[in-house]
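# Structural characterization, general
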Amino acid sequence: MKNILYLFLAVTIFACSSDDASNEENTNPSNEKLIESVTFSSVQTCLDYSSFRSANTTNCIYNSDNLITSFKTQFYGLECPNDLLYEEQNSTNYIEHFDRYLIASSMGELAQIDLNDNGYIDTINTNDDDVVSNIVYDNGYFSSITPENGSPGVNFIYQNGNLIRTEGIGDDRFETVITYTTFENKSKLFHPFFGSLIPHYPVQNYYGKNNTNLPLTKETNRYYEGELSYTETEYFTYSFDSDGYVTFLEIGTFIESKYYNIDNSLTEVTLEITYTN
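A quick note: this is a predicted structure, and the numbers were derived from the prediction, not measured.

Attention shifts here to the overall build of the protein. Looking only at helices and strands, the protein has two helices and 16 strands in total. Burial analysis of the protein (277 residues in total) assigns 50% to the buried set. Of the roughly 13300 Å² of accessible surface on the protein, a fraction of 44% belongs to carbon and sulfur atoms.

It is worth spelling out the confidence of the model for the protein at this point. The pLDDT averaged across the protein works out to 80; a share of 80% of its residues lies at or above 70. Put simply, helix α1 (residues 2-10) is where the protein has its lowest mean pLDDT, 41, and strand β12 (residues 174-184) is where it has its highest, 93. Contacts from residues 1-30, a stretch scored under 50 in pLDDT, to residues over four places away or in other chains number 124 contacts.

Here we take up the layout of surface pockets. Counted as a void, the second largest pocket has a volume near 430 Å³. Those elements giving two or more residues to the lining of the second largest pocket turn out to be β4 (84-98) and β5 (101-106). Considered class by class, the residues forming the lining of the second largest pocket number twelve nonpolar, eleven polar and five charged.

The side chains of a regular strand alternate between both faces of the sheet. Pairing analysis gives nine bridges linking strand β1 (residues 35-46) to strand β16 (residues 267-275), with the strands arranged antiparallel. Of the residues in β16, the one forming a bridge with I35 is Y275. In terms of strand pairing, strand β15 (residues 246-257) meets β16 through six bridges, oriented antiparallel. Among the inter-strand pairings, L249 is bridged to a residue of β16, identified as L271.

Further remarks concern the packing of aromatic side chains. All chains considered together, the criterion is met by eleven aromatic pairs. Ring geometry for Y137 against F142: centres 6.0 Å apart, planes inclined by 90 degrees, an arrangement best described as edge-to-face. In this structure Y137 comes out as buried when scored by relative accessible area, which is 18%. Here F142 falls in the buried class, since its relative accessible area comes to 0%. Joined through ring pairs, the aromatic side chains of Y120, Y137, F142 and F156 make up one cluster. Between R222 and the ring centre of F174, over which it is positioned, the NZ or CZ distance is 5.4 Å.

Moving on to the nonpolar core. Core analysis: the largest hydrophobic core is formed by 26 residues, its most contacted members being F71, I121, I124, I135, F142, I145 and Y207. Counting only elements with at least two residues in this core, the list comes to β3 (68-79), β5, β8 (132-138), β9 (141-147), β10 (154-159) and β12. When neighbours within four sequence positions are excluded, F142 is seen to be in contact with I135, V136, Y137, F156, Y158, F193 and Y207. Counting 22 residues, the second largest nonpolar core, distinct from the first, contains L189, Y238, V246 and Y275.

The next subject is the pairing of β12. The pairing of strand β11 (residues 162-168) with β12 spans three bridges and is classified as antiparallel. For R165, the partnering residue across the bridge sits in β12 and is V177. Relative to strand β13 (residues 213-224), β12 is paired through eight bridges, and the arrangement is antiparallel. Bridge pairing in β13 places Y180 opposite P215.

Any two side chains of opposite charge can pair if their charged atoms end up close together. Inspection of the entire model under this criterion finds seven salt bridges. Between R165 and E167 there is a salt bridge, and its shortest N-O distance comes to 2.7 Å. For R165, a relative accessible area of 26% corresponds to the partly exposed category. Looking at E167, the relative accessible area reads 28%, which means it is partly exposed. As a salt-bridge pair, R165 and E175 come within 2.5 Å of each other at their nearest N and O atoms. Here the residue R165 occupies a position in strand β11, and E175 occupies one in strand β12, the gap between them amounting to ten residues. One connected set of salt bridges, linked through shared partners, spans K33, D241 and D243.

Reading the values: the criteria
- Residues numbered from 1 in each chain as written.
- Predicted model: local features only at pLDDT ≥ 70, side-chain atom pairs only at ≥ 80, totals over all residues.
- Heavy atoms only, no water.
- Helix = DSSP H or I, 4+ residues; strand = E, 2+ residues; numbered from the N terminus.
- Buried < 20%, exposed > 50% of the residue type's maximum accessible area, 1.4 Å probe, protein only.
- Areas by Shrake-Rupley, 256 points an atom, 1.4 Å probe, with all protein chains shown as cover.
- pLDDT = per-residue confidence, 0-100.
- Contact = heavy atoms within 4.5 Å.
- 1 Å grid on protein atoms, 1.4 Å probe; cavity = no way out; pocket = protein on both sides within 12 Å on 5 of 7 lines; lining within 4 Å.
- Points joined across faces, edges and corners; volume = space filled by probe spheres on them.
- Nonpolar A, V, L, I, M, F, W, Y, C, P; charged D, E, K, R; others polar.
- Pairing = 2+ DSSP bridges.
- Phe/Tyr/Trp six-rings, centres within 6.5 Å; stacked < 30°, edge-to-face > 60°.
- Lys NZ or Arg CZ within 6 Å of the ring centre and 35° of its normal.
- Core = buried A, V, L, I, M, F, W, Y, C linked by side-chain atoms within 4.5 Å.
- Salt bridge = Lys/Arg side-chain N within 4 Å of Asp/Glu carboxyl O.

Structural data, given as structure tokens:
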């Protein structure tokens, strides 16, 4: 169970840049669309100290209740400054839905994942040390995660249905500050559980309510012995279809520290998003 849950937790997607439509808000009503694929479109900027690892979620399959039943995860890496995108590995994940639990299988492993009364996951094994972490929800939103081994936990703070801040506990702590656009998160691209703001991961709905709006910026600050030592900034731009669903997602990221700055660490890439209908 540990390895499958860790696979669900460990995926990271970074992305950026479109050429279709603009950031004008679209209010045309439509039936809910389900994400079918998230794929790389292009790499705009990749400087000497740029780096990220990414996973494209593709070929999502749903049942008649719009619940995910399988998805393929394709892992990539970006080597800068050569704009080289290369394949590392891929896996196909299957999910069966039952009352109060899921059966998940991936890469030859099978696991039962228990759900609470609201259909959410509230206990997980997060790493190879078999550390059990407990999740707390507040009004349906992911509120905190705390390891049972006494390691520092993380608190999540919301405003108007959006995660605006996460805080790691301890002296060598970290914090993230997130700002939002006025655009509705109709595509369910971002979820509070994934502090890295992964654009889409199909099991995210088992971790409480999603953000109401699409993010504009995210700043991560890390501290060492009480002093700010590292800041990473991400910024997001969107293109929409006629129903207000994101079709292209632009993400830029850069680091500010003693060793890195925007002039040598900027990365900008684009993801394209397709839907089942």
